[in-house]
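A look at the structure
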Amino acid sequence: MDASDKSQQKDAFKKEFIKKIEEVSGNCLADASVLKQYQALAELVMEKISAEWAQTNMQYNKQPTKQVYFFSIEFLIGRLLNSYINNLSLEEIVTESLDELGLDYEAILAQESDPGLGNGGLGRLMACYLDSSAAMKMPAHGNGIRYKYGLFEQRIINAEQIEVADNWLKNGYPFEIRKPDKSVIVKYYGHVHAENINGNLTFVHEDYEPIMAVPYDIPIMGYHNKTVNSLRLWSAEPIDGFDLPTFNQGQFLYAVRQKSEAEAISQILYPNDSGFDGKLLRLKQEYFFVCAGLKRIVSHYKRNNSNSVDGFGEKICIHINDTHPAMCGPELMRIFMDEEGLGWNDAWKMTVASLSFTNHTVMPEALEKWSVDMMSKLLPRIYMIIEEINRRFIEELDLNYPNDPDRNHSLSIIKDGQVHMANLSIVTSHSINGVASLHSKILREETFHGFYQVFPERFNSVTNGVSPRRFLMYNNPKLKNLLNESIGNEWETNLFQLKRLLNFINDPVFYEKYNAIKLSNKSQLADYISRRIGLHVDPTSIFDIQVKRIHEYKRQLLNALHILYLYNRLKENPNLEMAPRTFIFAGKAAPGYYYAKDVIKLINAIAELVNGDNTVNTKIKVAFLANFNVSLAEKIYPAANISEQISTAGKEASGTSNMKFMMNGAVTLGTMDGANIEIAEAVGPTNIVTFGLTSEEVSNYNKYGGYRSVDIFEQDPRIQQVLHQLVDGTFGFGLNFQSIYDSLLLYNDPYFVLKDFNAYTDAQNRVDHLYRNEQIWTKMSITNIAQSGMFSSDRSISDYQREIWTVK
Ligand SMILES: *Cc1c(COP(=O)(O)O)cnc(C)c1O
């Protein structure tokens, strides 16, 4: 665009913006608050998106190609305004115009609430997949729940996590469109009886409790390509008839109760990451968005298909993200049979052809198992269908593997009074995939080995990926510019092109520019840390970062114990030769997960001890940043030198922060777990620091025993000292970490923290030596960026297209 064009566009934009400010605030620009500036900008951008959104929808209707629908109980989308502006190619016009009007673009962006509609990796993955689908012009949409309260806001008070409700909608949300005309009734409880209607056996559901599901659509915009897909989030409301009639008091109170019981369904996101707690309300949530989402998808399909569901299985992919939407199988069967009049076999073929399933964890405590009692009461018709699916499945097993009751029992969907949702998902889907190659192997060989024997062709693997728009281009603009000036901009639409960076792998001029950017990103994070927690950290120190949900298997404890050990070493020898280090943590613990909360408390206690001690705090500092969410994550990755990915091998299905760090030039310090293994293959052994037990070793200890944490404790005086400090008052009066001490010794250290301690300290020493050689370190860092192409979620989506959805 030439200069006069641009200045015309800016003038036009400024006019529109000033007018919008007046509309949304009733004030002129000079008197409008930053919130109003944000609202005006958001509305303007929404108007620009709407035209392209309508156009995309029309195209999809005119030439119905294969459509994908992601069903997920979480979508952790992060802030959208800046992404929309960039995807529309408006970033220069908008930022320069606002600047000329004397406004602060960053401050305006900071007004947007971060929709916390997910806990962590699983929900964020869906957001990256929507982003990539749109970037690739793939018709793929999301279906989930519009939680009124997202994941709690975390504050740290006296070293402890305090939870505060996340009222993310309090100022309204400008990027959603409520569509009450597309509402759906969801039926709970009641009775089902079979009736003979016109010679057909028909199932009638009576005395049910109806809830209204109202959709809100959010546009999902592609990168510079005019494609706008949809994320549909369902909100629960009482159906109109219940709406607060003002008759006598008894009716009024009844109506109020009905209203709040209805609204409870989409009131709050369950804050457990990889944990199952079997609550009735959660089961209601799961059926809620499955039922409402499928109803709309089927009726939309019929509208474009001469009012028939013929061919649904070939044209519509229902992709279920973990087992929370597993009732998609039986619900589709119900729709096809009870509403569309198909027989079992036809309905079954279409259902299996349509459904595919991604598993996210192998940890037994996360596998969903609903009590038969609860499910059959809440969802009588769905339960009947699951029983019939299971009966036919076991009958087939009996045919193929006669006299094998153990197999039947192990694969049964219903057993011991519970409905096993993973088994249901596998039986009703044509594909099940893990999220990294090790994880998929564990699914085949251990977790679902029995199913693998029966359905080997159903097992696939797609390694997770992350959006390079959100986690490289938009959050690290300086690096983006350096990449563009060095290797051109093809990498923006094909991340494998980052390999061209290898041409600069020994170029001192490039090193200098690159290191200046890393330092500047670190300074920005240092400023943030100082503003938020009043801690001054040295931007030239190593930024060693572990940010993710707090969970025993992720082993923040191993990191914390190593810091305590380093503190002890420095107390003994304050002149210890080492590069100064800043350890940075962030992450939330589930409110009821007391052990994880103790780990947060320990990290903060260590931070207080270390940061306040002048003999060590020029060498090490520790920062715990409260309220980890997508917005904070975006600030952190570009500033990292070290990416801590230290889960017990075999436990982290993939990880995705490992990929985001890598794209931003951090070097992984990790176990051979999840996608770390593929990162190691991509960069080669000299550009990653790995340590610790392998997943096979862990699995063997778990199966055959042979690990005694007490033996390690007795042999290693460093560990003795550190563990004693947990309980001897080191952290001040009343701060005692007995629960952690007991888990490590009394309960034999189930996550192998002590077992891997020595290997981890060795690895940390290697990191120190590598970092102190600037040339080596810079080369490692750049190699990581250059080889991060395969961890783009664009690559994941094309794998899904090819292997699982079979679209061209
Ligand atoms: C990427 C991301 C995660 C996942 O991190 P892992 O280290 O893979 O567990 C969790 N939360 C947020 C906000 C993220 O952006």
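Here the structure is a predicted model, which is why all the values come from computation and not from measurement. (Residues numbered from 1 in each chain as written. Predicted model: local features only at pLDDT ≥ 70, side-chain atom pairs only at ≥ 80, totals over all residues. Heavy atoms only, no water.)

Turning next to the sheet that holds strand E14 (residues 414–415). If you trace the three strands from one edge of the open sheet to the other, you get E13-E15-E14, paired in antiparallel fashion. Both outer strands of the open sheet, strand E13 (369–371) and E14, are each paired with one neighbouring strand and no more. Judged from the two bridges that link them, E14 and strand E15 (residues 418–420) form a sheet pairing that is antiparallel. Looking across to E15, one finds that Ile414 is bridged to Val419. Contacting E13, E14 and E15, helix H15 (residues 421–428) runs over the sheet at an angle of about 45° to E15. (Pairing = 2+ DSSP bridges. Helix = DSSP H or I, 4+ residues; strand = E, 2+ residues; numbered from the N terminus. Contact = heavy atoms within 4.5 Å. Axes fitted to C-alpha atoms, helices over the stretch in contact; angles between N-to-C directions.)

Of note, the phi angle at Asp207 is positive, near 55°, even though the residue is not glycine. A positive phi angle, near 60°, is found at Asn748, a position not held by glycine. Along the polypeptide, Asn748 turns up in the loop between helix H29 (738–745) and helix H30 (753–772).

Attention now moves to the domain arrangement of the protein chain. When its domains are assigned, the protein chain resolves into domain 1 (64–79 + 114–462) and domain 2 (468–692 + 757–793). Inter-centroid distance (C-alpha atoms) of domain 1 to domain 2 is 35 Å. Each partner contributes residues to the interface: domain 1 has 39 residues there, and domain 2 has 41 residues. Both faces combined, the contact of domain 1 with domain 2 buries some 3100 Å², and carbon together with sulfur accounts for 56% of it. The interface formed by domain 1 and domain 2 holds two salt bridges in total. Between Lys597 and Glu163 there is a salt bridge whose closest N-O contact spans 2.7 Å. Counting only elements with at least two residues in the side of domain 1 that touches domain 2, the list comes to helix H6 (121–135), strand E3 (153–157), strand E4 (160–164) and helix H16 (437–447). For the side of domain 1 that touches domain 2, the element with the most residues is H6, which contributes eight residues. Looking at the side of domain 1 that touches domain 2, its residues break down into 18 nonpolar, eleven polar and ten charged. (Domains from an automatic or database assignment. Buried area = accessible area lost by both parts, 1.4 Å probe. Salt bridge = Lys/Arg side-chain N within 4 Å of Asp/Glu carboxyl O. Nonpolar A, V, L, I, M, F, W, Y, C, P; charged D, E, K, R; others polar.)

The buried fraction of strand E11 (residues 316–321) amounts to six of the six residues, a majority that puts the element mostly inside the structure. Every second residue of E11 is oriented toward a common face, with Ile316, Ile318 and Ile320 on one face and Cys317, His319 and Asn321 on the other, all of them buried. The pairing of strand E1 (residues 67–71) with E11 spans five bridges and is parallel. By the bridge assignment, Gln67 is partnered in E11 with Ile316. (Buried < 20%, exposed > 50% of the residue type's maximum accessible area, 1.4 Å probe, protein only.)

What follows is about a nonpolar patch on the surface. A contiguous nonpolar patch, built from Phe252, Leu253 and Val256 and spanning about 240 Å² of accessible area, is present on the exposed surface. Within the fold, Val256 resides in helix H7 (residues 249–264). (Patch = residues over 30% accessible without salt bridge, like charges linked within 9 Å, V, L, I, M, F, W, Y side chains within 5 Å. Areas by Shrake-Rupley, 256 points an atom, 1.4 Å probe, with all protein chains shown as cover.)

Looking now at the pairing of E1. With five of five residues buried, E1 is to be regarded as a mostly interior element. Alternating residues of E1 divide into Gln67, Tyr69 and Phe71 and Val68 and Phe70, and every residue in both groups is buried. Examined bridge by bridge, E1 and strand E2 (residues 140–145) share four bridges and lie parallel to one another. Of the residues in E2, the one forming a bridge with Val68 is Ala140.

Ranked by internal contacts, the top residues of the largest apolar core, which has 136 residues, are Phe17, Leu41, Phe70, Phe71, Ile318, Met375 and Trp805. Here this core gets eleven residues from one element, more than from any other, and that element is helix H8 (residues 280–303). Membership of the second largest hydrophobic core comes to 67 residues, among which are Leu557, Val722, Leu723 and Phe731. (Core = buried A, V, L, I, M, F, W, Y, C linked by side-chain atoms within 4.5 Å.)

Right, let's get into the side chain of Gln801. Structurally, Gln801 can be placed in helix H32 (residues 793–804). Among residues more than four places away in sequence, those in contact with Gln801 are Met136, Met138, Thr806 and Val807.

This structure, assessed with the given rule, holds 48 salt bridges. A salt bridge links Lys279 to Asp277; its shortest N-O distance comes to 4.0 Å. Salt bridges here are not isolated pairs; linked through shared partners, they connect Lys6, Lys10, Lys14, Glu92, Glu96 and Glu100.

Once that is clear, we can look at the site of the ligand. Near the ligand there are 14 residues, and of these Lys548, Lys554, Thr656, Ser657 and Lys660 occur at the shortest range. At a separation of 2.6 Å, an oxygen atom of the ligand approaches a polar side-chain atom of Ser657. Separating an oxygen atom of the ligand from a side-chain N or O atom of Lys660 is a distance of 2.7 Å. Expressed as a share of its isolated accessible area of 390 Å², the protein-covered part of the ligand is 96%. Elements that contribute at least two residues to the shell around the ligand include exactly H6, helix H23 (630–636) and helix H24 (657–663). Here the residues of the shell around the ligand are counted per class, giving four nonpolar, six polar and four charged. Residues from two domains meet in the shell around the ligand; each of domain 1 (64–79 + 114–462) and domain 2 (468–692 + 757–793) gives at least three. (Near = heavy atom within 4 Å. Polar contact = N/O pair within 3.5 Å; in protein donor to acceptor, adjacent residues only side chain to side chain.)

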